[in-house]
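Residue-level listing of the chains:
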Amino acid sequence: MSTLKLLLLNHHAGRTGAPLVLLAFCEWLRVHRPTWEVHVLSMRPGPLVAEFAACASQVVVAPEREAGRRSRLHLLSRLGHIRLSREGFSLRTAEGSVGSLASEGYDVIYANTALCVETAVAVKLASCNSPLVVAHIHELATMIGIHAPNLGQSLTRVDQLIVASGLVKRELAELFAL
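Keep in mind that what you see is a predicted model, and the values were worked out from it rather than measured.

How each quantity is defined
Residues numbered from 1 in each chain as written. Predicted model: local features only at pLDDT ≥ 70, side-chain atom pairs only at ≥ 80, totals over all residues. Heavy atoms only, no water. Phe/Tyr/Trp six-rings, centres within 6.5 Å; stacked < 30°, edge-to-face > 60°. Helix = DSSP H or I, 4+ residues; strand = E, 2+ residues; numbered from the N terminus. Lys NZ or Arg CZ within 6 Å of the ring centre and 35° of its normal. Salt bridge = Lys/Arg side-chain N within 4 Å of Asp/Glu carboxyl O. Buried < 20%, exposed > 50% of the residue type's maximum accessible area, 1.4 Å probe, protein only. pLDDT = per-residue confidence, 0-100. Contact = heavy atoms within 4.5 Å.

### Section: the packing of aromatic side chains
Here is step 1: According to the stated counting rule, one finds 1 aromatic pair in the structure shown.
Here is step 2: Ring geometry for Phe-25 versus Tyr-110: centroids 5.2 Å apart, planes at 40 degrees, classification tilted. Pair noted here: Phe-25 is in helix H1 (residues 17–32) and Tyr-110 is in strand S6 (residues 108–111), with a separation of 85 residues, a long-range link.
Here is step 3: Between Lys-5 and the ring centre of Tyr-106, over which it is positioned, the NZ or CZ distance is 5.4 Å.

This is the structure we're talking about:
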């Protein structure tokens, strides 16, 4: 098996649908692709952080105090992050920005929700190696309009799109003429 460096982007480490799907995927990767280096970046902390740390090589979490309606890119560009790994915790400073993520040399960036696609594309564009971006969209039009209003612009740079249901597929097709 070849080695691959993968970044999994998560909007929240809470016990809700999309983060649980991502955790199951991360656990599957650990068992079935043990040579792959898997990093998880969560835009907000939550109860799944320790479980992500158990199955990923590294987990970076934006602090809760700064989470909110701000752009996820704004959050990454100016805030410190908490880095977790199986070895423990350490504080990661503002070098946790898009440029720093781009310098990691990821082969694949997996955006687990519409809220993560803008960040995934920004990391791709800043990377020298042009990683593959996979977007897994779970949200319907209303939530996209509220939480990811720039999704249409970002989707033009996505290499592979996964949708959670037929309804999500229809609404994305209507919203963005896919």
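That covers the picture; the talk isn't over yet.
### Details of the pattern of salt bridges
Pairing between side chains of opposite charge can happen when their charged atoms approach one another.
Here is step 1: The final tally for this structure, using the stated rule, is 3 salt bridges.
Here is step 2: Note that Glu-104 is salt-bridged to Lys-5, the shortest N-O span being 3.0 Å. Of this pair, Glu-104 sits in the loop between helix H4 (98–102) and S6 while Lys-5 sits in strand S1 (residues 5–10); the two residues are 99 residues apart in sequence, bridging distant segments of the chain.
Here is step 3: Residue classification places Glu-104 among the partly exposed positions, given a relative accessible area of 23%.

### Concerning the confidence of the model for the chain
Here is step 1: Confidence in the prediction for the chain averages 82 pLDDT; 79% of positions are at 70 or higher.
Here is step 2: With pLDDT under 50 throughout, residues 66–71 is counted as low confidence; its partners more than four residues away or in other chains account for 8 contacts.

### Observations regarding the side chain of Thr-113
Here is step 1: The residue Thr-113 is located in the loop between S6 and helix H5 (114–126) in this model.
Here is step 2: For Thr-113, a relative accessible area of 0% gives the class buried.
Here is step 3: Excluding anything up to four places from it in sequence, Thr-113 contacts His-11, Ala-18, His-136, Ile-137, His-138 and Glu-139.

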